[in-house]
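Understanding the architecture of this molecule
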Amino acid sequence: MTKTPVALTLNAGSSSLKFALYDISGTPVELASGLVDSIGSTPRLKADFGAAAPSLKRDLTAAEARDHVSALNTALSELRQKFPNAKASVVGHRVVHGGPVYAEPVEITAEVLEELRRFSPFAPIHQPHNLAGVEAAMAAFPDALQVACFDTAFHRSHPKVNDVFALPREYYDKGVRRYGFHGLSYDYISGELKRLAPLVHDGRVIVAHLGNGASMCGMIGGHSIASTMGFTALDGLPMGTRTGQIDPGVIFYLVQQEGMSIDEVRQLFYSKSGLLGLSGLSNDMRTLEAAGTVEANEAIDYFVFRIRRELGGLAAALGGLDALVFCGGIGENSRLIRERVCEGMGWIGLELDRERNARNDTLISTEMSRARILVVPTNEELVIARAGTRLLESAA
Ligand code: ADP
């Protein structure tokens, strides 16, 4: 019996592994998706198998997800059970950093893998896990094409002025640049705009990807011109647990006056700050919206304030604004945040239709609004599956 060709997508975070399976006998169609989280502590598996089997939620034993390799094998054994006739022809990996080199998805050969390891110091929290996922998948599927899709790639179209820091030039040459992230999400949104509203796509668009990680990207004609994240995924907007933009002088103070080590500062900035740090309660926007405490409200205020500030800055970089697009868990679901971001933004051409916003419509601006406001659910996994399929076809 001939097996169905499928693409497996993997997104290995610091303590999580997201996966999805696509039938690629035609245009990629999702068959399953899931997540192993809390790898190495109290791991759990959540998976949805579409029509093939009931969805699954279970705690895993330590041995089933001791590390990313065992977590992948646990997920794979579920997928193999549910889809016995699937043959993985391609495995697509989300790789955070493609350095200054990669502007497109690429087949992962031994040389490419070596080069990607050299970018690990640029993304020490993410890149090593991404590459551990690559190695595990290479061992599990030695015959499949392995493809890397980069979060930085979409932003390689940044003009130079937006690619540099004001440091001596040698640091730029060493790779200290303003890379930008969430590129897979922006790539997907750009494609959706082309399909849903081609004129908007061709214009000046700001996309606000507001999830646990959050950033914004200014595009013209679907190409990235500027983004709020820089050298690492720490810059720009405050996030669930990350600071976002911060005066680098704070680091000197914390190290010199508070006696913190660089690792402690890193931990503070990446894992204890942002919405969690400001609210003292949670990194989760739903919890903060429901809490109504002074601290939770201040965290929301700061989140909204920084989005509005970046909106103005990005619009200036684009020379105006034709559309604002919300995506990510908060952007797609939080009416409150969308309403507060757009409040009093008539000066920049944005006028929110409150009823449309409350209904979670795709178009949430008024008919009179000079610039449109849209809500477009993002799908990074599909971007990876499509790229993998494209490379598979061109390799055939
Ligand atoms: P990640 O960056 O981990 O992929 P998501 O894009 O899933 O994160 O976004 C997670 C965030 O979205 C959380 O802060 C969560 O509270 C928020 N969120 C999800 N649904 C809602 C909602 N209905 N209202 C407000 N916030 C929401």
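Residues numbered from 1 in each chain as written. Predicted model: local features only at pLDDT ≥ 70, side-chain atom pairs only at ≥ 80, totals over all residues. Heavy atoms only, no water.

The name that an unreviewed UniProt entry assigns to the chain is Acetate kinase, with the source organism given as Salipiger bermudensis. Here is the UniProt Pathway (unreviewed entry) comment for the chain, exactly as written: "Metabolic intermediate biosynthesis; acetyl-CoA biosynthesis; acetyl-CoA from acetate: step 1/2." Annotation of the chain in UniProt includes, under Catalytic activity (unreviewed entry), the sentence "acetate + ATP = acetyl phosphate + ADP". (UniProt positions renumbered as here; feature names shortened; annotations may be inferred.)

Turning our attention to the sheet that holds strand S11 (residues 223-227). Ordered by their spatial adjacency, five strands build an open sheet running S11-S10-S9-S12-S13, and the pairing between neighbours is mixed. In this open sheet, the two edge strands, each paired with only one partner strand, are S11 and strand S13 (372-375). Within this sheet the neighbouring strands show an average axis-to-axis angle of 25°, counted without direction. The pairing of strand S9 (residues 204-210) with strand S12 (residues 323-327) spans five bridges and is classified as parallel. Paired with Val 205 across the strands is Ala 323, a residue of S12. Here helix H13 (residues 335-342) sits on the sheet in contact with S9, S12 and S13, set at roughly 155° to S12. (Pairing = 2+ DSSP bridges. Helix = DSSP H or I, 4+ residues; strand = E, 2+ residues; numbered from the N terminus. Axes fitted to C-alpha atoms, helices over the stretch in contact; angles between N-to-C directions. Contact = heavy atoms within 4.5 Å.)

All right, on to the sheet that holds strand S1 (residues 4-12) then. Read from one edge of the open sheet, eight strands run S5-S4-S3-S2-S1-S6-S8-S7, paired in mixed fashion. Where the open sheet ends on each side, the last strands, each with one partner, are strand S5 (56-59) and strand S7 (106-107).

Moving on: the packing of helix H5 (residues 183-196) against helix H15 (residues 380-395). For the pair H5 and H15, interaxial distance at closest approach is 8 Å and the crossing angle is 85°. Classed by the angle they form, the pair H5 and H15 counts as roughly perpendicular. Here Leu 184, Ser 185, Asp 187 and Tyr 188 of H5 come into contact with H15, specifically with Glu 380, Leu 382, Val 383, Ile 384 and Arg 386. (Parallel < 35°, antiparallel > 145°, perpendicular 65-115°, else oblique.)

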